[in-house]
Amino acid sequence: MKTMSQLNPMTWGEFKSTLEQNPDLHLQFQYEEGKFVDSSYHITEIKQAPIVSVDCGGIMNSWTEIIVQLWEPSVKEVDRSMKVSKALKIVNLVEKTLPLDPDATVKIEFGNSKFDTRQMYPGEFAADGETFTVNLVPDFTQCKALTRNQSCGTSSAEGSCCAPAPVKQELELVASEAVCCEPGSGCC
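How each quantity is defined
- Along each chain, residues carry numbers from 1 onward, in the same order as the chain's sequence is written.
- Two thresholds apply to this predicted model, a pLDDT of at least 70 for residue-level local features and 80 or more for giving and counting side-chain atom pairs, whereas whole-chain, interface and lining totals are computed over all residues.
- The basis for every side-chain value is the complete set of non-hydrogen atoms in the structure, without hydrogens or water.
- By definition, no residue in a patch forms a salt bridge, and every one has over 30% relative accessible area; like charges are joined within 9 Å, nonpolar side chains (Val, Leu, Ile, Met, Phe, Trp, Tyr) within 5 Å.
- All accessibility values rest on the Shrake-Rupley procedure with a 1.4 Å probe; residue burial counts only the protein chains present in the view.
- We define a salt bridge as a contact between a side-chain nitrogen of Lys or Arg and a carboxyl oxygen of Asp or Glu at a distance within 4 Å.
- Helical segments are the DSSP runs of H or I of at least four residues, strand segments are the runs of E of at least two, and each set is numbered from the N terminus.
- Relative accessibility decides the category of a residue: with a 1.4 Å probe and only protein chains considered, values under 20% of the type maximum give buried, values over 50% give exposed, and everything between is partly exposed.
- A pair of strands is treated as paired once DSSP finds two or more bridges between them.
- Only heavy atoms matter for contacts: two residues are in contact if any of them lie within 4.5 Å across the pair.
- Every angle, taken between N-to-C directions, lies between 0 and 180 degrees, and every axis is a line fitted to C-alpha atoms, over only the stretch in contact when it is a helix.
- Two N or O atoms count as a polar contact when they lie within 3.5 Å, although within protein this holds only if one can serve as hydrogen donor and the other as acceptor, and sequence-adjacent residues are included solely when both atoms are side-chain atoms.

A. Up close: a nonpolar patch on the surface. On the surface, Val52, Val54 and Met60 cluster together into a nonpolar patch covering about 330 Å² of accessible area. On the secondary structure map, Val52 appears in strand β3 (residues 42-54). Take Val52: its relative accessible area is 60%, and that puts it in the exposed class.

Printed below as a string of structure tokens:
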């Protein structure tokens, strides 16, 4: 199965297609090694977010993200577990009103009392017995200027915000024996 890399996050179309191949399995999300979203979670909303940004080099960038938000109820529903087919019914309901861009980057948004809410990428998928697990990997920050040879909009890497800081030379104050800037001396 496809796994996400930092340079090529999974698209919504790829994610949805992977789910469609496993409709009868129980859908589970692992947000940290050995830590899973409680099986009584709900998909509370699916957001389509067009992003327009200007990076540190003054270059405009744009892309779209599909964000699937998961929520754990405060009272756990012991006998509740979402099958992939139920998740796909929610997706289909959303897509009747909001056509989702199949080329958009997909993220899963989740948090609970022990894990700060954040957006994560679907990483590896694992089908095991009756369970289909989506292993989530953290989102990451990047400097787009690095992909442009650290130009940051300048003509040399030395002008880059991401280049190593130039070595600063210390100035030495040299005292002069002649006193200048005395009242009436005309130097000021």
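B. Quick peek at the sheet that holds strand β5 (residues 105-112). Taken in spatial order, the 7 strands of this open sheet run β2-β1-β7-β6-β5-β4-β3, and their pairing is mixed. The outermost strands of the open sheet, each flanked by one partner alone, are β2 (35-36) and β3. Examined bridge by bridge, strand β6 (residues 115-128) and strand β7 (residues 131-138) share 7 bridges and lie antiparallel to one another. Paired with Tyr121 across the bridge in β7 is Val137. Lying over the sheet, helix α2 (residues 84-97) contacts β1 (26-32), β3 and β7, oriented at roughly 55° with respect to β3.

C. Broad picture of the environment of Tyr41. Examined against the element boundaries, Tyr41 turns out to sit in the loop between β2 and β3. In this structure, the C-alpha to C-alpha distance between Tyr41 and Met82, residues 41 residues apart in sequence, is 7.7 Å. If near-sequence neighbours (up to four positions away) are discounted, Tyr41 is found in contact with Leu27, Phe29, Leu70, Trp71, Glu72, Pro73, Arg80 and Met82. Within the local environment of Tyr41, its side chain forms a polar contact with the backbone oxygen of Leu27, the two atoms lying 3.0 Å apart.

D. Quick peek at the pattern of salt bridges. Under the criterion given, the structure shown has 7 salt bridges. The closest approach of N and O atoms between Glu109 and Lys47, which form a salt bridge, is 2.8 Å. Here the residue Glu109 occupies a position in strand β5, and Lys47 occupies one in strand β3, the gap between them amounting to 62 residues. A relative accessible area of 11% places Glu109 in the buried class. Between Glu72 and Lys76 there is a salt bridge; the shortest N-O distance is 3.6 Å. On the basis of relative accessible area, Lys76 is assigned to the partly exposed category, the value being 40%. A cluster of three or more residues bridged by salt bridges with shared partners is formed by Glu45, Lys47 and Glu109.

E. Molecular detail of the environment of Ile43. Positionally, Ile43 belongs in strand β3. Relative accessible area serves as the criterion here: at 13%, Ile43 is assigned to the buried category. Residues Ile43 and Gln69, 26 residues apart in the sequence, show an inter-C-alpha distance of 5.8 Å. If we skip the residues at most four places from it in the chain, Ile43 touches Val68, Gln69, Leu70, Met82, Ala87 and Ile90.

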